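Summary of the model geometry
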Amino acid sequence: MTRGVRGARVVALTVLPAELAFGVCLVAGVRIPGALWAGAEAAVLLGVVLEAVVLGRLWRAGRRTGAGRRAAAAGALRTVVPAPVRRLVAHELRALHSLGLWVLRRRHGVPEGALPVPYTGPQTAMMYGLVFVSVVETVMLALLVPWPVVHRILLVLDVYGVLLVLALHAACVTRPHVVGPDGSLRVRYGALFDLRVPAGAISVARVERRFPQGRLVQQGPDGVLDLAVGGQTTVTVELSAPLGFVRPLGRRGRAVAVRFHADDPRAVVAALTRARTAPSTIPDPPG
């Protein structure tokens, strides 16, 4: 069973994404050479058979332990499909959903009375620059590539790349940071990162501009979590106790403070401070 699961995981990492790429090409009307098509079909068929056999065995094993049908199926999928693949697919689907929200001028996860906090200022020009370069590249390849099949495949990939860049930016626009009416904080980066900080966990909030080097989400040896946009953070929130978080690909950590970027950091700090220092509206008990 162990070897079968390993083989199925390899299929999920290689054959299934390749099948998706072929499907996109077919929908776009790209004609694929017969030999390449036959080889791809054989590989996909073998992969599907292996996936079906392994999933069936895992599902039956789950049923024998008393799990329901849905629970057994979910457990089998979690065993076969690696967590990073599941998370990447989920991130991409949420980003595409955000593209629809962007067109409709709607926001995600901003309740009534909450303060939405945009953070896309440092990256907007870069995102539109990437879109422009991708469009120019698409046009140049259309003029330079003489082979129709290669031209159509590249066209599909380039158009999808432009769509993903727009979806990533749309996710950041429609999923801002949020300061709740109760003083809680939600720190996000598009569909990739989401951290909820309860009001009681916030010790101090201040405006502080920093320029961390490295990845989008990184944690230093001092336990401080940096979520930089355009290579900078503008707000620092110290926590009263370590708070757990999940990285984009599923790794977990605990942070003692969070630094993130906000286009208007003073408004964020003022809202957090006002919520923490506001007098209670609950009357004192008699006597």
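Structural notes, computed from the coordinates. (Residues numbered from 1 in each chain as written. Predicted model: local features only at pLDDT ≥ 70, side-chain atom pairs only at ≥ 80, totals over all residues. Heavy atoms only, no water.)

**Observations concerning the pattern of salt bridges**
When the charged atoms of two side chains lie near each other, side chains of opposite charge can form a pair. Our working rule: We count a salt bridge whenever a side-chain nitrogen from Lys or Arg sits within 4 Å of a carboxyl oxygen from Asp or Glu.
Within this structure, the stated rule accounts for 5 salt bridges. Across the pair Arg206 and Glu208 runs a salt bridge, and its minimum N-O distance is 3.5 Å. One network of salt bridges, in which partners are shared, links Arg206, Glu208, Arg210 and Glu238.

**Things to note about the sheet that holds strand S1 (residues 115-117)**
Let me state the cut-off plainly: For two strands to pair, DSSP has to find at least two bridges joining them. Numbered from the N terminus, helices here are DSSP runs of H or I no shorter than four residues, and strands are runs of E no shorter than two. All axes here are fitted lines through C-alpha atoms, helices being fitted over the stretch that makes contact, and every angle between N-to-C directions spans 0 to 180 degrees.
Pairing is antiparallel in the open sheet, where 4 strands are placed in the order S1-S2-S3-S4. Of all strands in the sheet, those bounded by a partner on one side alone are S1 and strand S4 (193-197). In this sheet, neighbouring strand axes are inclined to one another by 15° on average, regardless of whether the strands run parallel or antiparallel. Direction of pairing for strand S2 (residues 177-179) relative to strand S3 (residues 185-189): antiparallel, over a ladder of 2 bridges.

**Notes on a nonpolar patch on the surface**
Heads up, the rule is: Within the patch definition used here, like charges are joined within 9 Å and nonpolar side chains (Val, Leu, Ile, Met, Phe, Trp, Tyr) within 5 Å, considering only residues with over 30% relative accessible area and no salt bridge. Here the Shrake-Rupley method, with its probe set to 1.4 Å, supplies the accessible areas, and only the displayed protein chains count as covering residues.
The grouping of Phe132, Val133, Val135, Val136, Val139, Met140, Leu143 and Leu144 at the surface amounts to a nonpolar patch, some 790 Å² of accessible area in total. You can see Leu143 is positioned in helix H6 (residues 121-144).

**Focus: the pairing of strand S8 (residues 233-246)**
In the case of a regular strand, side chains alternate between the two sheet surfaces. Bridging between strand S5 (residues 202-210) and S8 involves 6 bridges; their strand directions are antiparallel. Among the inter-strand pairings, Arg206 is bridged to a residue of S8, identified as Thr236. As paired elements, S8 and strand S9 (residues 252-260) share 8 bridges and run antiparallel to each other. Looking at the pairing, Val246 lines up with Arg252 of S9. Taken together, S8 and the strand that follows it, S9, pair antiparallel across an intervening segment of 5 residues, in which Gly250 is found at a positive phi of about 110°.

**Observations regarding the pairing of strand S7 (residues 224-227)**
Using the following cut-off: Think of it in three bands: residues with accessible area under 20% of the maximum for their type are buried, residues over 50% are exposed, and the middle band is partly exposed, with areas taken using a 1.4 Å probe on protein chains only.
What you see with S7 is no split at all: Val224 and Asp226 on one side and Leu225 and Leu227 on the other are buried throughout. Direction of pairing for strand S6 (residues 217-219) relative to S7: antiparallel, over a ladder of 3 bridges. By the bridge assignment, Gln219 is partnered in S7 with Leu225. When S7 meets S9, the two strands line up parallel, connected through 4 bridges.

**Considering H6**
Rules: Each helix should span, by expectation, one fewer than its residue count multiplied by 1.5 Å.
A rise of 1.5 Å per residue sets the reference length of H6, with its 24 residues, at 34 Å; its end C-alpha atoms lie 36 Å apart and thus fit the reference within 8%. Every buried residue belonging to H6 is among Gln123, Met127, Val131, Ser134 and Thr138, and all of these are buried.

**Some thoughts on the environment of Val235**
The criterion, for reference: Any two residues whose heavy atoms approach within 4.5 Å are treated as being in contact.
Counting through the fold element by element, Val235 comes out in strand S8. Separated by 24 residues in the primary sequence, Val235 and Arg259 have C-alpha atoms spaced 5.6 Å apart. The residues contacting Val235, other than those within four sequence positions of it, are Arg206, Glu208, Val258, Arg259, Phe260, Ala262, Pro265, Val268 and Val269.

**A closer look at the packing of aromatic side chains**
The cut-off we apply is this: Ring pairs are drawn from Phe, Tyr and Trp, using the six-membered ring of Trp, whenever the two centres fall within 6.5 Å, and their geometry is named by plane angle: stacked under 30 degrees, edge-to-face over 60, tilted for the rest.
Using the criterion set out here, one finds 1 aromatic pair in the structure. With a centroid separation of 6.1 Å and 35° between ring planes, the pair formed by Tyr119 and Tyr189 is classed as tilted. Of this pair, Tyr119 sits in the loop between S1 and H6 while Tyr189 sits in strand S3, and the two are 70 residues apart along the sequence. The exposure class of Tyr189 is buried, given its relative accessible area of 7%.

Any link to function would need more than the numbers given here.
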